[in-house]
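Spelled out, the chains give:
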Amino acid sequence: MAKSSRITYSNKERQASRDSKMKHKFNSLRNELEGGKISSFDQVFAIVSETRLATELNISFYTFRKKIDDPGEFTITEMMRFAALIGIQYEIIHAFIMERVRAKGKVKVFKE
């Protein structure tokens, strides 16, 4: 009987593969944000899942969902962490989130 030519990977190899994929996703997200091509959190989540992003930002999933629904609740520290995570300037993340605040119309200052 012939042996199966099945390839097995160690946990370290699997983790390295996951880390590499996540790095590529964050690079894609950075490029899209820098290019001004992303205009909603749905577009962000098409690249990186909500769960993964919440985990990487060290925010509980439910708290993160609340902040997505009301982007004005993001703290400066969280926006700084988001910017550092994907390797982008803070001002770009700040502008993105402020535009989400304006779009939601939940802050009276931004209502016209």
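Note: the structure precedes this text.
I will try to describe carefully the structure that is included in this document. Quick caveat: nothing in here was measured; it's all calculated off a predicted structure.

As for the packing of aromatic side chains
Here's step 1: Overall, the coordinates contain 6 aromatic pairs when judged by the stated rule.
Here's step 2: Seen in terms of ring centroids, phenylalanine 41 and phenylalanine 96 are 5.1 Å apart; in terms of plane orientation they differ by 75°. Their pairing is edge-to-face. Of this pair, phenylalanine 41 sits in helix 2 (residues 41–47) while phenylalanine 96 sits in helix 6 (residues 90–104), placing them 55 residues apart in sequence.
Here's step 3: Note on phenylalanine 96: relative accessible area 5%, which makes it buried.
Here's step 4: Judged by centre distance (6.2 Å) and plane angle (80°), the rings of phenylalanine 64 and phenylalanine 74 are edge-to-face. With phenylalanine 64 in helix 4 (residues 61–69) and phenylalanine 74 in the loop between helix 4 and helix 5 (76–86), this residue pair connects regions lying 10 residues apart in the sequence.
Here's step 5: Overall, phenylalanine 64 belongs to the buried group, its relative accessible area being 1%.
Here's step 6: Aromatic rings pair up to connect Phe41, Phe45, Phe64, Phe74 and Phe96 into one cluster.

Things to note about helix 1 (residues 11–34)
Here's step 1: Taking 1.5 Å of rise per residue, the 24 residues of helix 1 would be expected to cover 34 Å, and the 34 Å separating its terminal C-alpha atoms lies within 8% of that figure.
Here's step 2: Buried residues along helix 1 sit against helix 2, helix 3 (50–56), helix 5 and helix 6.
Here's step 3: Looking one or two places after helix 1, you find glycine 36, whose phi comes out positive at around 70°.

Definitions and cut-offs
Residues numbered from 1 in each chain as written. Predicted model: local features only at pLDDT ≥ 70, side-chain atom pairs only at ≥ 80, totals over all residues. Heavy atoms only, no water. Phe/Tyr/Trp six-rings, centres within 6.5 Å; stacked < 30°, edge-to-face > 60°. Helix = DSSP H or I, 4+ residues; strand = E, 2+ residues; numbered from the N terminus. Buried < 20%, exposed > 50% of the residue type's maximum accessible area, 1.4 Å probe, protein only. Expected span 1.5 Å × (residues − 1). Contact = heavy atoms within 4.5 Å.

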